[in-house]
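Okay, here's what each chain looks like letter by letter:
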Amino acid sequence: MEAPKAIQHEIGGVQNDALRFGLHGVKSDLVGSHPLQSAYESATKTQEEMKRKVLANTYGTSFPLKMDLDRQILSRFQRPLLPSSMLGLEALTGTLDDFGFEDYLNDPRESETVRPVDLHHSMEVRLGLSKGPVCPSFM
């Protein structure tokens, strides 16, 4: 038996299939969406590194490793077929106290035009008993 032949879509580690991955933009690779966003991301990264150093000095070097393991476990935890709010991860990272755009501009998933999730249909699609999108989002 021959192995199935596949066309490689990566050249030098870059995905070059425009229909699958969209058009490649050079500007988006070079510059972030806004200068304040890159400054905010670098500041939060520096703050997290300092917090890790303080925890390592206070509680020992294994404590930040345990927190990383907890973060990995909580970031993978999701309910089947339903969007997860990642409450455990937000509690661990301390982002429950942050005031984001969804707090004053509303979460798009809580809009009046969004259909509620039909769990029976979603499970049928997942098991191959029915066709269609798993979760039709808008009416």
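Computed from a prediction, not measured in an experiment: that's the story for all the values here.

Q: Which residues make up the packing of aromatic side chains, and what values do they have?
A: Within the structure shown, the criterion is met by one aromatic pair. Seen from their ring centres, Y59 and F63 are 5.1 Å apart, and the 50° between their planes marks the pair as tilted. By relative accessible area, which is 57% here, Y59 ends up exposed.

Q: How would you explain helix α3 (residues 35-59) if you had to name every residue and give the values?
A: Compared with an ideal rise of 1.5 Å per residue, which puts 25 residues at 36 Å, α3 spans 36 Å between its outermost C-alpha atoms and is within 8% of the ideal. Taken from the residues just after α3, G60 is the one with a positive phi, measuring 105°.

Q: So what about the pattern of salt bridges? Which residues, and what values?
A: In the structure shown here, the tally under the stated rule is two salt bridges. The partner of R52 in a salt bridge is D68, with the nearest N and O atoms 2.6 Å apart. You can see R52 sitting in helix α3 and its partner D68 sitting in helix α4 (residues 62-76), a full 16 residues away along the chain. D68 gets classed as partly exposed once you look at its relative accessible area, which sits at 27%. Among the ionic pairs, D70 bridges to K66, the shortest N-O distance being 3.1 Å. With D70 and K66 both in helix α4 and four residues apart, the pair spans about one turn of that helix. Accessibility expressed as a relative area gives 47% for K66, which makes it partly exposed.

The rules behind each value
Residues numbered from 1 in each chain as written. Predicted model: local features only at pLDDT ≥ 70, side-chain atom pairs only at ≥ 80, totals over all residues. Heavy atoms only, no water. Phe/Tyr/Trp six-rings, centres within 6.5 Å; stacked < 30°, edge-to-face > 60°. Buried < 20%, exposed > 50% of the residue type's maximum accessible area, 1.4 Å probe, protein only. Helix = DSSP H or I, 4+ residues; strand = E, 2+ residues; numbered from the N terminus. Expected span 1.5 Å × (residues − 1). Salt bridge = Lys/Arg side-chain N within 4 Å of Asp/Glu carboxyl O.

Read these as spatial facts, not as claims about activity.
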